[in-house]
Amino acid sequence: AGNSVEEVRNTDAWVMGQDPSGVRFHETLLKMLQDPSPMVRGNAALSLVRFGDATGRPQIVALLQPAHLTAPAAGHVLDADRPGTAIHQGGLIAKLETAGSRQTVDIRSPIPGRIRSVSQTGANVADGAEIAVIDPSTEQVWEALRALYLVGQADDLPAVQPYERDVPDVSDDVRKQAIETEKAILQRGQH
């Protein structure tokens, strides 16, 4: 869990959830909710659900949200991918040439998903301006909805309900899971 390589920590968070009898795994997963990587935090939260622990609920809800990427400095977009493109975690979305030092900075996706929007090649962007929005992958949404089916609460519903719509971007399986998740949350709230 303390490895410097994000991919190792991410895998560890997932693997520890496969054995919910391990007390040390449970303790370690709770610590991993503070990891700098949103994917590691998300996997730790999903694994905690297998322990019957809803501590990671905020991280699970975050898995349903798009990632908003901002420019680390003012600059000029040298190259950018297109909206609608599928992207892996760590995948290159755009290259930014900074205004002052004229260094090239790679803008990479913190999550797997699909590019919703990205600044066009040639655009000038201000420091801190939104440069891209990445919608979470279907797999990530599916796992988050399944976890919230078990531990979700009424205040999680605004994050669940957008996936209930019958739109091309939402698979039928995800839509059905979102509907079932909402039903389970509402039923839990009545008890």
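Preceding this section is the structure that the text describes.
Residues numbered from 1 in each chain as written. Predicted model: local features only at pLDDT ≥ 70, side-chain atom pairs only at ≥ 80, totals over all residues. Heavy atoms only, no water.

K.L.:
Account for the sheet that holds strand β2 (residues 75-80), naming residues and giving values.
P.N.:
Across the sheet, four strands lie side by side as β5-β4-β2-β7; this open sheet has antiparallel pairing. The open sheet has two edge strands with one neighbour each: β5 (104-108) and β7 (124-125). Pairing geometry for strand β4 (residues 92-98) and β5, over five bridges, is antiparallel. Bridge assignment links Ala94 to a residue of β5, and that residue is Ile107. (Pairing = 2+ DSSP bridges. Helix = DSSP H or I, 4+ residues; strand = E, 2+ residues; numbered from the N terminus.)

K.L.:
I'd like a rundown of the nonpolar core, residues and numbers included.
P.N.:
Core analysis: the biggest nonpolar cluster contains 28 residues, and Leu29, Met32, Ile60, Leu64, Leu145 and Tyr163 have the highest contact counts within it. Of all the secondary structure elements, the ones that give two or more residues to this core are α1 (6-16), α2 (23-32), α3 (38-50), α4 (57-62), α5 (138-151), α6 (157-160) and α7 (172-189). Excluding anything up to four places from it in sequence, Leu29 contacts Ala13, Met16, Gly17, Ala44, Ser47, Leu48 and Phe51. Met39, Leu69, Ile93 and Leu96 belong to the second-largest nonpolar core, a separate cluster that totals 18 residues. (Core = buried A, V, L, I, M, F, W, Y, C linked by side-chain atoms within 4.5 Å. Buried < 20%, exposed > 50% of the residue type's maximum accessible area, 1.4 Å probe, protein only. Contact = heavy atoms within 4.5 Å.)

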